[in-house]
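A closer look at the structure
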Amino acid sequence: MLDKAYDAKKYEDAIYKKWEKSGAFKADSQSKKKPFCISMPPPNATGTLHLGHAIMLALEDILIRHRRMKGYEALWVPGTDHAAIATQNKVEKLLAEEGVTREQLGRESFLNRVKEYVADSQDIIRNQIRKMGSSCDWERERYTLDDDLNRAVIEVFVRMYEDGLIYRGHRIVNWCTRCGSTLADDEVEYVEVQTPFYYIKYGPVVIGTARPETKFADKVVVVHPEDKRYKKYVGQEMDIDWIDGKIKAKFIADKDAADMEMGTGAMTITPAHSFVDFDLAKKYKLEIEPIIDERGKMLPIAGEFAGMDVAECRTLLVKKMQKLGLIDRIDENYTHNLSVCYRCNTAVEPLVSEQWFIDVNKKCKALKGKSIKQRSIEVVKKGDIQIIPDKFNKTYFHWMEDLRDWCISRQIWWGHRIPVWYCACDKNCKPECRQPIVSRETPKACSHCKSKNLKQDEDTLDTWFSSALWTFSTLGWPKKTADLKKFHPTSVMETGYDILFFWVARMIIMTTYALGDIPFEKVYLHGLIRDREGRKMSKSLNNGIDPLEMIDQFGADALRMSMVIGNTPGNDMRLYEEKIKGYRNFTNKLWNASRFVLGIFEEKNIKSAPPLDLKKLSDSDQWILEKLNRTITSVDDALTNFRISEAGQVLYDFLWSDFCDWCLELSKGEKQNPAVLYHVLKTILILLHPIVPFVTEQIWSELPGSQGMLINEAFPALFKGKFDGSATDTAIEVISALRRMRAENKIEPGEKIPVVLYGHQKMAALESHQEEIIKLARISKLTLKEEGPKLPGAATDVASGVDVLIPLGGLVDTKKEKERLTKEIANLNKYIASVSGKLANKHFLQNAPKAVVEGEKKKLSDATVRMNKMKEQLAHL
């Protein structure tokens, strides 16, 4: 028998160990079943479980458990990511506390320290994934720095290099002076800041900039060819006074780069520190001269300011320019978006640097004669990959169409080292020796001069390069494994919409190239979790929720359900402790209802599954089986089509309302059918298992006749037969109306009342459920008639075509109730007049936020409905 109360702590860990030990999570690549595969987005190996992970784990586990029950060969591949910059930063901070730098340790010793740190951290994240109930195949666990995955990374790099897609060149990149490394475009975040904007005299024009410290080498002015103000200067060169004396400036016209309406319409270009200006310099073959170095310090071209950091230089340079009369004016309140590093929030410095890139525009045989960009757009446009919700298609296409060559090299030690070597022989060596040696294995000697003095490229690959191979490298590629054949392409990639470009797009890029196939059939994007007020959770606001604390307090099932219901794809959701606590009430409700039913089985000595005779069913039995069949169909359809929140809500309503509030109440006494209760409870447990696996598994273990574990059960089939629950529906509607009328007329819940029902076409339904109506509505005298007159002084309502009347004489103090209602109606009239006046105010409608206006409209509507109801009650007295 079940304990009196459900204690999640008592059961969850033990249940998970049973699942894992039984092999229930393990998929078989040799089976004939249809495959369903999810590659778990790998959490950072050094991280801890946060809500973003928790929601991902909950949603993916629900999908996996459902498909497993549906007879698919379901594989969920777990793993962790080496998280290059994040992990290196963490270890460097720990070393700093010891007074040591990575340079002092040396590369090999530093990497050993990182490996030790990661090994300790991986156990933590694994156990936290287990705490969520994740039914992933631990025997197939992968790590992005595993030897097999490293081989896959090298293989892709070499192939892309040989196909001319990977090249080394000097291009402008996003540079983090704190991390000392490049950043991909989507690793750059933007924060709104207010800074001075400087208007500077530059010969005959005035230019505008927020960064005067980058202007030392500006020698070209760009204007629009149709700008009459500057037409006479186009094509000319002239000497102008500048920061350190006269310089020769050239004027060019470019209709795409210059905007006549922006600022003064004239701009100088800084090719070494602006992506747009860099492209212009390439277009017009202009000199590209760096001003700032990789440490964020000014270079010698800055003269007296050389060696200063950017901020210090800016302050002193502006003072000098003011003395020289070069400052026209300063706007102190200029607001713009500052680019910062996504890891450390340091301002990003665009710099020209020699790096490794992937050419996204070069056409390639491996991509069917298309470029990476073209192929990645094509597979989504053609519907080979479906993004859920589809509103993100537009965002995906926009990002892909604007995609620049991907900088894949990083100036850090932790990560996949670039598989490139250079000949380090003496200066008399052949010119060919200066070419990079790209190899799958460490080369023994230079192929040109046979020197064994080779040096590997110091850089590592962008983390997203290796994680972009995740769906196929984890299945054994480049080997032609049984797992790869069976489970790739994977079925769905479930992840947050915030990494659609960080990761999802890169997986499409790399898989279409390496395999000539898609990485997944569907992309399911969940939203961000926000607090009660809709704010993003952050340390500064102290509004975060630790999922492990919530599991400890309320159980994993309550947390899972709280993150499922109300969570629709692509939309943010609000989560707070009270909501999670509320879903613990749901697990308790399930537990208590099951305990009640199991008590009936014990009382009747039912020790195995009782046969269900579909020919001997009461109206109430037919009603619950009809409801259950609808629930089975709805839940299966919702989960199959990724409407996970809908499935959760349907099950919540069925258990709480249909089963607990009505089925258990209607089946008491002589009409009780233990066989129906057994099969309904059994089906409920199976249906709920993907969402709340722990509590359902524990109850299942106590269900008479249950064999094995619930995790291995098949998804329930529909109960055969035609069930007519309309009579019970009528009874429930009538009982609900009577309960509502009691509350509206302030009749004490425990007081029995006289009731008159005019059944019209529903007399047979009322007569068959007369006993239940009297009992559940607490009726002292029930009068059933096919039809009849209105009764003076009676409260009335209509439910399912039945006229429901409660004679109020003697039930309420008529005089006092009239006084109360009259007073409340008067107060409501004043309130309605006040809200109506506000909504008639044009100034309010024009200036108030839309949500506030809608809120006021709802207040007016609710108050009007309430007042009309009170007027009806007053008329009955």
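Note that this is a predicted model, so its numbers are computed, not measured.

1. Topic: the overall build of the protein
A count of helical and extended segments in the protein gives 27 helices and 31 strands. For the protein, the C-alpha atoms occupy an extent of roughly 110 × 70 × 55 Å along the three principal directions. Sorting the 877 residues of the protein into buried and exposed places 52% on the buried side. A separation of at least 24 residues holds for 77% of the contacts in the protein among residues at least 6 apart in sequence. For the protein, the computed accessible surface area is about 40800 Å², with 49% contributed by carbon and sulfur atoms. Once the 131 positive and 124 negative side-chain charges of the protein are each reduced to a mean point, those two points are 2 Å apart.

2. Describing the packing of helix α3 (residues 84–97) against helix α5 (residues 107–131)
Contact geometry for α3 and α5: axes closest at 10 Å, N-to-C directions at 105 degrees. Between α3 and α5, the angle is such that the two are roughly perpendicular. In contact with T87, Q88, K90, V91, E92, L94 and L95 of α3, α5 contributes F110, R113, V114, Y117 and V118. Of the residues in the contact of α3 with α5, the class split is seven nonpolar, two polar and three charged.

3. A closer look at the sheet that holds strand β28 (residues 753–758)
With mixed pairing, four strands are arranged side by side in an open sheet as β29-β28-β31-β30. Both outer strands of the open sheet, β29 (779–785) and β30 (794–799), are each paired with one neighbouring strand and no more. Strand-to-strand, the axes of this sheet are offset by a mean angle of 20 degrees, without reference to chain direction. With six bridges joining them, β28 and β29 adopt parallel strand pairing. Following the sheet pairing, P754 is matched in β29 by K781. Its contacts with the sheet place helix α22 (residues 726–744) against β28, β29, β30 and β31 (802–807), and it is angled at close to 145 degrees to β30.

4. Regarding the pattern of salt bridges
Under the defined criterion, the tally for this structure stands at 49 salt bridges. For R168, the salt bridge identified is with E354, shortest N-O distance 3.7 Å. Within this pair, whereas R168 is found in strand β5 (residues 166–176), its partner E354 is found in strand β14 (residues 348–358), the two being separated by 186 residues in sequence. We classify R168 as partly exposed; its relative accessible area is 36%. The class for E354 is partly exposed, based on a relative accessible area of 36%. Residues D572 and R530 are paired through a salt bridge, measuring 2.7 Å at the closest nitrogen-oxygen approach. Remark: R530 occurs in strand β26 (residues 529–530) and D572 occurs in the loop between α16 (556–564) and β27 (573–574); sequence separation between them is 42 residues. Since its relative accessible area comes to 30%, D572 is described here as partly exposed.

5. Overview of the side chain of S594
As for its placement among the helices and strands, S594 is situated in helix α17 (residues 577–603). By relative accessible area, S594 is classed as buried at 0%. Sequence-distant contacts of S594, defined by excluding residues within four places in its chain, comprise L2, L681 and I699.

6. Some words on the nonpolar core
Of all hydrophobic cores here, the largest spans 128 residues; its most connected members are M132, M563, F659, V680, V734, L738 and I806. Once residues within four sequence positions are removed from consideration, M132 is found in contact with L49, A54, L57, A58, I551, L559, R560, M563 and F694. Counting residues in each nonpolar core, the second largest holds 75 residues, with V188, F397, W399 and V523 among its members.

7. Considering the pairing of β30
When β30 meets β31, the two strands line up antiparallel, connected through six bridges. If you follow T796 over to β31, its bridge partner there is L805. Between β30 and β31, which pair antiparallel and follow one another directly, the connecting turn spans two residues, one of which, S800, has a positive phi of 55 degrees.

8. Observations concerning the layout of surface pockets
A volume near 480 Å³ is recorded for the second largest pocket. Lining the second largest pocket are 22 residues, and of these N150, G415, H416, R417 and Q456 lie nearest its centre. Counting only elements with at least two residues in the lining of the second largest pocket, the list comes to α5 and α6 (147–162). Among the residues forming the lining of the second largest pocket, the class breakdown is eight nonpolar, eight polar and six charged.

9. Some thoughts on the environment of Y161
Residue position: Y161 is located in helix α6. On a C-alpha basis, the gap between Y161 and L484 in space is 24 Å, while along the polypeptide they are 323 residues apart.

10. Overview of a positive patch on the surface
A cluster of basic side chains, namely K90, K93, R178 and R343, defines a positive patch on the protein surface. Within the element layout of this structure, R178 appears in the loop between β5 and β6 (181–183).

11. Concerning the pairing of strand β8 (residues 205–209)
Of the two faces of β8, only one is covered, namely that formed by V205, I207 and T209; the face formed by V206 and G208 stays uncovered. Two elements, strand β7 (residues 188–202) and β8, share five bridges in a ladder whose sense is antiparallel. Among the inter-strand pairings, Y199 is bridged to a residue of β8, identified as G208. In this structure, the hairpin formed by β7 and β8 is closed by a connection of two residues, where G203 is found at a positive phi of approximately 60 degrees.

12. Remarks on α17
Its 27 residues place the ends of α17 39 Å apart at the C-alpha level, agreeing with the 39 Å of an ideal helix rising 1.5 Å per residue. Residue N605 follows α17 closely and has a positive phi angle near 60 degrees.

13. Re the environment of V77
Structurally, V77 can be placed in strand β2 (residues 73–77). As for V77 and T471, which are separated by 394 residues in sequence, their C-alpha atoms are 8.9 Å apart. In this view, V77 contacts I38, S39, M40, R140, R142, T474 and L475; residues no more than four positions away in its chain are not counted.

The rules behind the values
Residues numbered from 1 in each chain as written. Predicted model: local features only at pLDDT ≥ 70, side-chain atom pairs only at ≥ 80, totals over all residues. Heavy atoms only, no water. Helix = DSSP H or I, 4+ residues; strand = E, 2+ residues; numbered from the N terminus. Buried < 20%, exposed > 50% of the residue type's maximum accessible area, 1.4 Å probe, protein only. Contact = heavy atoms within 4.5 Å. Areas by Shrake-Rupley, 256 points an atom, 1.4 Å probe, with all protein chains shown as cover. Lys, Arg positive; Asp, Glu negative; His and termini not counted. Charge placed at Lys NZ, Arg CZ, Asp CG, Glu CD. Axes fitted to C-alpha atoms, helices over the stretch in contact; angles between N-to-C directions. Parallel < 35°, antiparallel > 145°, perpendicular 65-115°, else oblique. Nonpolar A, V, L, I, M, F, W, Y, C, P; charged D, E, K, R; others polar. Pairing = 2+ DSSP bridges. Salt bridge = Lys/Arg side-chain N within 4 Å of Asp/Glu carboxyl O. Core = buried A, V, L, I, M, F, W, Y, C linked by side-chain atoms within 4.5 Å. 1 Å grid on protein atoms, 1.4 Å probe; cavity = no way out; pocket = protein on both sides within 12 Å on 5 of 7 lines; lining within 4 Å. Points joined across faces, edges and corners; volume = space filled by probe spheres on them. Patch = residues over 30% accessible without salt bridge, like charges linked within 9 Å, V, L, I, M, F, W, Y side chains within 5 Å. Expected span 1.5 Å × (residues − 1).

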